[in-house]
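The lines below spell out each chain.
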Amino acid sequence: MSEKKNYYWIKKGDKTTRIGLTQEAQETLGDVKYVELPDLDSEIKKGESSGEIEAQKAVIELESPVDGKIVKVNDKLNDNPELLNGSEKDAWFFEVNN
């Protein structure tokens, strides 16, 4: 499972860009059991690991599709990783500054 470019969606806003899990990735991975998110205020680089996703069918690195500074993380995933199996609107990891 090295081809992950279709695993993440990117939504660019006025000040931040939000990164989430696509419907295709949800189907490929199965039920998400655990998510490790990056730390707030950490700098990430495109293609580098910024966390981990443990799911029913696979464990994958959360590779950032963008460069930036983490300005917001989806804290709800700590207690409810299954939110990543819902609508794409709710299946987001973090936001970086633009």
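Reference entry: report on the structure contained in this document. On a predicted model such as this, the values are computed, not experimentally measured, just so you know.

Conventions and cut-offs
Residues numbered from 1 in each chain as written. Predicted model: local features only at pLDDT ≥ 70, side-chain atom pairs only at ≥ 80, totals over all residues. Heavy atoms only, no water. Helix = DSSP H or I, 4+ residues; strand = E, 2+ residues; numbered from the N terminus. Buried < 20%, exposed > 50% of the residue type's maximum accessible area, 1.4 Å probe, protein only. Pairing = 2+ DSSP bridges. Axes fitted to C-alpha atoms, helices over the stretch in contact; angles between N-to-C directions. Polar contact = N/O pair within 3.5 Å; in protein donor to acceptor, adjacent residues only side chain to side chain. Contact = heavy atoms within 4.5 Å. Patch = residues over 30% accessible without salt bridge, like charges linked within 9 Å, V, L, I, M, F, W, Y side chains within 5 Å. Areas by Shrake-Rupley, 256 points an atom, 1.4 Å probe, with all protein chains shown as cover. Salt bridge = Lys/Arg side-chain N within 4 Å of Asp/Glu carboxyl O. Lys, Arg positive; Asp, Glu negative; His and termini not counted. Charge placed at Lys NZ, Arg CZ, Asp CG, Glu CD.

### Remarks on the environment of serine 87
Then, number 1: With respect to the element layout, serine 87 can be found in the loop between helix H2 (76-79) and strand S8 (92-97).
Then, number 2: We classify serine 87 as partly exposed; its relative accessible area is 36%.
Then, number 3: Residues serine 87 and leucine 21, spaced 66 residues apart in sequence, show a C-alpha to C-alpha distance of 9.4 Å.

### Concerning the environment of glutamate 82
Then, number 1: With respect to the helices and strands, glutamate 82 occurs in the loop between H2 and S8.
Then, number 2: By relative accessible area, glutamate 82 is classed as partly exposed at 44%.

### Observations regarding the sheet that holds strand S6 (residues 59-63)
Then, number 1: With antiparallel pairing, the three strands of this open sheet are ordered in space as S3-S5-S6. Whereas interior strands pair on both sides, the edge strands pair on one side only; in this sheet they are strand S3 (32-36) and S6. The sheet shows a mean angle of 20° between the axes of neighbouring strands, direction not considered.
Then, number 2: In this sheet, S6 lies alongside strand S5 (residues 49-55) in antiparallel orientation, the contact comprising four bridges.

### Brief notes about the environment of asparagine 78
Then, number 1: Secondary-structure assignment places asparagine 78 in helix H2.
Then, number 2: The spatial distance from the C-alpha of asparagine 78 to the C-alpha of tryptophan 92 is 12 Å, given a sequence separation of 14 residues.

### Points about the side chain of glutamate 95
Then, number 1: Looking at the element boundaries, glutamate 95 is found in strand S8.
Then, number 2: Assessed through its relative accessible area of 9%, glutamate 95 is described here as buried.
Then, number 3: For glutamate 95, the side chain forms a polar contact with the side chain of arginine 18, separated by 2.7 Å.
Then, number 4: In this view, glutamate 95 contacts Thr16, Thr17, Arg18, Lys69, Ile70, Val71 and Lys72; residues no more than four positions away in its chain are not counted.

### Observations regarding a negative patch on the surface
Then, number 1: A contiguous patch of negative charge, built from Glu36, Asp39, Glu54 and Glu61, is present on the exposed surface.
Then, number 2: Inspection of the secondary structure assignment puts aspartate 39 in the loop between S3 and strand S4 (43-44).
Then, number 3: Taking relative accessible area as the criterion, aspartate 39 reaches 58% and is therefore assigned exposed.

### Examining unusual backbone geometry
Then, number 1: Although it is not a glycine, aspartate 41 adopts a positive phi angle of roughly 70°.
Then, number 2: The residue aspartate 41 is located in the loop between S3 and S4 in this model.
Then, number 3: What makes aspartate 41 exposed here is its relative accessible area of 53%.

### Details of the sheet that holds strand S1 (residues 8-12)
Strands belonging to one sheet form pairs held by backbone hydrogen bonds; the direction of such a pair is parallel or antiparallel.
Then, number 1: Strand order in the open sheet formed by five strands is S1-S2-S8-S7-S4, with antiparallel pairing between adjacent strands. Because the sheet does not close on itself, it has two edges, and the strands there are S1 and S4.
Then, number 2: Inspection of the sheet shows strand S2 (residues 16-21) paired to S8 by five bridges, in the antiparallel sense. Counterpart to threonine 16 in the pairing with S8 is asparagine 97.

All quantities given are derived from atomic positions and should not be read as evidence of function.
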